[in-house]
Amino acid sequence: MLQLFRKYQKLLYICVTTVIILSFSFFGTYSAIFDNDAKVTDRTVGKTYSGKSLKESELYTLSRFISYDKNMSFSRNSYPNFFNDGIIASDFLKTSLAHFLFETYYDEMKDEMEESWNKMRRFTPYRHPEAPFLSAEAVWSRFAPEIPKKLNMLKSQDEFNLKSFEIMADLYLEQCRFNPSMLRRVLVYQQKQYPSITPDERLYHDDMMLFGFSSASDWFSSKFIDLVAQYLVNSAEIAEERGYVVSDTEAKIDLMNGIQAAIQSNDQEISLQEVYKKQLDILGLDERKAVSLWKSVLLFRRYLNDQAGSIFLDPATFEGFESYASLTAEVERFQMAPEFQFNSSTDSAKFDIYMDKVARLHDESLNCSFYSKEEMKEFSPEFVHRNFSVEIASLKSEKASLQLPVKKMWDWQLSDANWKRLTDNFPSVKGVSLKTREERFKMLEELDAPIRAKVDQFSRNEMVKSSPEIILSALERAPMRRMELSISHDGQIFGCDIQDPHFVELLEKAPCKDQEMISSLEERVQNELSAYTEDNKIYYKVRLIKRDDQKRVLTYREANLLGLLQKIVDTRLKKEFAKVQKTHPSQFKDKDFFDVKEEVAEVLYDDPKSLFTSFLERVQNDLVQNGNHSEFLQSHSDPVQAQFKIISQNDTILRSHLNADLFELEKGAFSPVQDNSFFKMNEKTIKDSGAIALAKELLESEAKLTLGRSLLGEMKETLFFKE
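Residues numbered from 1 in each chain as written. Predicted model: local features only at pLDDT ≥ 70, side-chain atom pairs only at ≥ 80, totals over all residues. Heavy atoms only, no water.

Another point: the overall build of the protein chain. In terms of helices and strands, the protein chain carries 35 helices and 12 strands. Considering the protein chain as a whole, with its 723 residues, one finds that 44% of them fall into the buried category. Excluding contacts between residues fewer than 6 apart, the proportion of contacts in the protein chain whose partners are at least 24 apart in sequence is 72%. (Helix = DSSP H or I, 4+ residues; strand = E, 2+ residues; numbered from the N terminus. Buried < 20%, exposed > 50% of the residue type's maximum accessible area, 1.4 Å probe, protein only. Contact = heavy atoms within 4.5 Å.)

This is how it looks when you write it as structure tokens:
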């Protein structure tokens, strides 16, 4: 058989190459780039409003076109449709027309849409495997707080209903405002701020889309998207019947404008025509078909917008409201550092533990007497640290041993001294005292494959131990990466997997990388760090970049980032869990600790939103007396005390965005402490709040919904659902 392949290998290569080229020529690469949808026949599936036959391929193409839009994330499995500026979001969800369609055809769509709803409820947002504080939820809480709020609402539901659809619609719109690409950029930026954390490759390749859904049909079911597609086609025909016109040129220009906007928003220097052509290729459309699809969308929009825009809105009606709502406060906001802006009771628990460790005395107003560093070394040595910047390469001994030639391994196994090692360590060989190399080799060859593999790996590992040059050679080729190590006074190492006290001793004596003159002791230390191991399984090449001159007490932020506080909190909460189960049986009976950890913290610790109220009231009193000379605004030489410095920043607030009581303050007055911050009134001015524009937008939206309902009545008999 092999001789046949060798004889005709050139001919086979030519045949295979020809088949591949023909495959790409006829079928293209579309299915590898965009989603791999099933083949669609071209049978007639229904009639449109004007009586035209609607082909299955036409419905499928339009449904797919509107299902993917510009807000989709770039990933291995998806690609944005820059032609679609958000039809589902802007024309159906924002106007509540989608809600009306869903409610009207609830029975037909319920089962398929419920499948999506169940997937959403099982969804777990992204969290960095080494640093849980780097998470999608944390980013959303800051930039898109409605997303975690709506997610909790969705997961708390017991059954699928109209309310479920409303929450799904709100989440879809929120993702359009803060799309997956923005989430990815923030997470990548945050990850880079912590060099000691291993970069998570998933951030660069995996989808960051909510629920992993890459299209509107994933969110709302293919039946719903098919219904919207039919609604668009019929609405366009009704619009044409009533005199509305969109030319091919106008539709093409609008498509080009969508591409241009996408290029500008992504800061790309690329040809408009090149992107336009690529977008057509990705969608599997020719220009004629794309223009035809977009004409239907534009006719639908033009008809609804024209009817809604005809509503007369008298600005005088809103003048009184506008003058009230547009009052703006120029304020100075005072709050604690970001690490103290807590979101959970677990955060409160961490802070309580931290203060117990570092402060001799402290009260609710953070009147503190801190332990000295020497006292901390005795009572809480895990909070006294010294930082080391290093470059590290790692190598498993198994990987290095694979470089050994097989013949060399056989020579090692068959020697008298090493044969005894094998007989001592493997029952299958134990007690066998074969004298000649031939006899020993024959016996090894007769061993079962799994046992022989273990014998060979043992032999290779032993050879590596006795031949350090093998490890040194492999480590020289291994890539090095910079890491920040933090080592506690009691010898705990944070930032890498090594936990050997001897490794700490070596780092304290090692020369720095750029050090020109080194002593003989430093040279010996550096040689040991060139192939360091604590278990003879993993070897490290370590170069010291720099080390802190002295040890110091960790700040709250440092202790939290290192995971030290989380470890202590988990231990303490788990210890108290049995007591909490007894005092709150209805809430915690038969529950697993890790499922209700946050709820246990809520029982034991203060509400994080009011944790620093007393302290900030104390700060405010000091600001009233001392102004900008307040001790709470000044930097401190001791990092532990400096962490409680108050951050101030100027802010502009509309009356409609905050409690109106703020606008009763006189210039220079302070507001009460609320949500762990307070304000100083600097100036009050009147600015355009956009109230009239907002009112007009709401009325136009209501008009579109009313017209949309009317249109559904006209086309209802033509709408259908495929089985």
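Let us look at empty space enclosed by the protein. By the definition in use, this model includes three cavities of 30 Å³ or more. Its boundaries defined by the atoms lining it, the second largest cavity holds a volume of some 50 Å³. Contributing to the lining of the second largest cavity are Trp 140, Ile 147, Gln 175, Phe 178, Asn 179, Pro 180, Leu 183, Met 208 and Leu 210. Here the lining of the second largest cavity is composed, by residue class, of seven nonpolar, two polar and no charged. (1 Å grid on protein atoms, 1.4 Å probe; cavity = no way out; pocket = protein on both sides within 12 Å on 5 of 7 lines; lining within 4 Å. Points joined across faces, edges and corners; volume = space filled by probe spheres on them. Nonpolar A, V, L, I, M, F, W, Y, C, P; charged D, E, K, R; others polar.)

Let us look at the pattern of salt bridges. The tally for this structure, following the rule as stated, stands at 33 salt bridges. With a shortest N-O distance of 3.0 Å, Lys 541 and Glu 476 are connected by a salt bridge. With Lys 541 in strand E9 (residues 538-547) and Glu 476 in helix H26 (residues 468-477), this residue pair connects regions lying 65 residues apart in the sequence. Notably, a salt bridge pairs Asp 570 with Lys 597, separated by 3.2 Å at the nearest N-O pair. Taken together, the positions of Asp 570 in helix H30 (residues 564-583) and Lys 597 in helix H32 (residues 597-604) put the pair 27 residues apart, joining distant regions of the chain. (Salt bridge = Lys/Arg side-chain N within 4 Å of Asp/Glu carboxyl O.)

This part covers H30. In this model H30 runs 29 Å from its N-terminal to its C-terminal C-alpha over 20 residues, within 8% of the 28 Å that 1.5 Å per residue would give. Within H30, the axis deviates most sharply at Phe 577, by approximately 40°. Considered for burial, the residues of H30 that qualify are Leu 564, Leu 565, Ile 568, Val 569, Leu 573, Phe 577 and Val 580. Residues of H30 that are buried in the fold lie against helix H19 (345-358), strand E8 (493-494), helix H29 (556-561), helix H31 (585-588) and H32. (Expected span 1.5 Å × (residues − 1). Bend = angle between axes of the 7 residues up to and from the residue.)

Summing up the model confidence of the protein chain, the mean pLDDT is 82 and the portion of residues at 70 or higher is 86%. When pLDDT is averaged over each helix and strand of the protein chain, the minimum, 38, is found for helix H3 (residues 30-33) and the maximum, 95, for strand E10 (residues 552-553). Of the regions scoring below 50 in pLDDT, residues 21-38 engages in 21 contacts with residues more than four places distant in sequence or in other chains. (pLDDT = per-residue confidence, 0-100.)

It is worth spelling out the environment of Leu 232 at this point. Looking at where Leu 232 falls in the secondary structure, it is placed in helix H14 (residues 222-241). The class for Leu 232 is buried, based on a relative accessible area of 0%. For Leu 232 and Val 297, which are 65 residues apart along the polypeptide, the C-alpha to C-alpha distance reads 6.5 Å. For Leu 232, the contacting residues outside a window of four places in its chain are Ile 66, Ile 87, Phe 92, Ser 296, Val 297 and Phe 300.

Our next topic: a negative patch on the surface. A cluster of acidic side chains, namely Asp 363, Glu 364, Asp 592, Asp 595, Glu 599, Glu 602, Asp 606 and Asp 607, defines a negative patch on the protein surface. Relative to the elements of secondary structure, Glu 599 occurs in helix H32. The class of Glu 599 is partly exposed, set by a relative accessible area of 30%. (Patch = residues over 30% accessible without salt bridge, like charges linked within 9 Å, V, L, I, M, F, W, Y side chains within 5 Å. Areas by Shrake-Rupley, 256 points an atom, 1.4 Å probe, with all protein chains shown as cover. Lys, Arg positive; Asp, Glu negative; His and termini not counted. Charge placed at Lys NZ, Arg CZ, Asp CG, Glu CD.)

A word on the nonpolar core. Core analysis: the largest hydrophobic core is formed by 96 residues, its most contacted members being Ile 66, Phe 92, Trp 140, Phe 211 and Phe 224. Top element by residues in this core is H14. It accounts for 11 residues. Beyond its immediate chain neighbours, meaning those up to four positions away, Trp 140 contacts Phe 123, Pro 125, Pro 145, Ile 147, Pro 148, Leu 151, Phe 178, Leu 183 and Leu 210. Val 358, Leu 573, Leu 611 and Phe 632 belong to the second largest nonpolar core, which has 49 residues in total. (Core = buried A, V, L, I, M, F, W, Y, C linked by side-chain atoms within 4.5 Å.)

We now examine the side chain of Ser 380. With respect to the helices and strands, Ser 380 occurs in the loop between helix H20 (373-379) and strand E6 (384-396). For Ser 380, the residues in contact, after removing those within four places along its chain, are Lys 357 and Glu 375.

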